[in-house]
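Notes for the structure review
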Amino acid sequence: MKLLEKNIDYIDNLQNIETLSDSLRRFLDQPNVQTAFMDADIDKIYYYATRLNNAGLSRDLTLVLYSLNIDPLRSLDYIPKYFLSLSDIKNVSIPDNIKTINDAAFWGCDKLVKALMPNTITSIGEIAFSGCDSLEDIKIPANVNYIGYKAFSSCNSLKNVTLPGNISNMGGAIFSDC
């Protein structure tokens, strides 16, 4: 079943929403992006978005997808780069189908208090949760074998961290400025 079969022409509808950022409007106007949307290829949509290295664009894309009742994580096994970075989320419960949290996925979410990760997570990217000032506790799942550089840096409220004993590859400064 295609994710978008209910409203295949929603791209035209999105163009009329005044709150879309200029960068998101330009992104949606690209023919390759429109094709990916028509094919409901969430992986390809995020591939195109993250190639632009624009945290706001990826975050806005995520928020628009959720506003259209499309859960991008249902069809992915990873959380894309900049997925909800710089957003006002307070809690996140990562679904069981996710294996990787990519770089900067939740970077700068200064209101994030709780992040629940399932045991399916094996990798946490660079600065994935950096700047999450309200995050108090973090439990790294048992299957995680990689934590990237500064993954939890600048989490000023962090009080409790639970790490499994089998992490084979850890970047530097993971908890710096906490």
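Note: the structure precedes this text.
Heads up: these notes are all about the structure in this document. In this text the structure is predicted, and so the values were computed from the model without any measurement. (Residues numbered from 1 in each chain as written. Predicted model: local features only at pLDDT ≥ 70, side-chain atom pairs only at ≥ 80, totals over all residues. Heavy atoms only, no water.)

A word on unusual backbone geometry. A positive phi angle, near 45 degrees, is found at I127, a position not held by glycine. Following the sequence through the fold, I127 ends up in the loop between β5 (123-124) and β6 (137-139). Judged by its relative accessible area of 28%, I127 falls in the partly exposed class. Despite not being glycine, D177 shows a phi value in the positive range, around 60 degrees. Position of D177 among the secondary structure elements: in the segment after β9 (169-170). Its relative accessible area of 56% is what places D177 among the exposed residues. (Helix = DSSP H or I, 4+ residues; strand = E, 2+ residues; numbered from the N terminus. Buried < 20%, exposed > 50% of the residue type's maximum accessible area, 1.4 Å probe, protein only.)

Quick look at the environment of C109 now. One can find C109 in the loop between β3 (100-101) and β4 (114-116). Expressed as a C-alpha distance, the spacing of C109 and D88, which sit 21 residues apart in the sequence, is 6.0 Å. Ignoring anything within four residues of it in the chain, the contact list for C109 reads L84, S85, L86, S87, I89, G131, C132 and D133. (Contact = heavy atoms within 4.5 Å.)

Here we take up helix α2 (residues 22-29). Among the residues of α2, those classed as buried are L24, R25, F27 and L28. Seen from one end, α2 has its buried residues packed into an arc of 160 degrees, which puts them on one side. In this structure, α2 carries D22 and R26 as exposed residues pointing more than 90 degrees from its buried face. (Arc of directions from axis to C-beta.)

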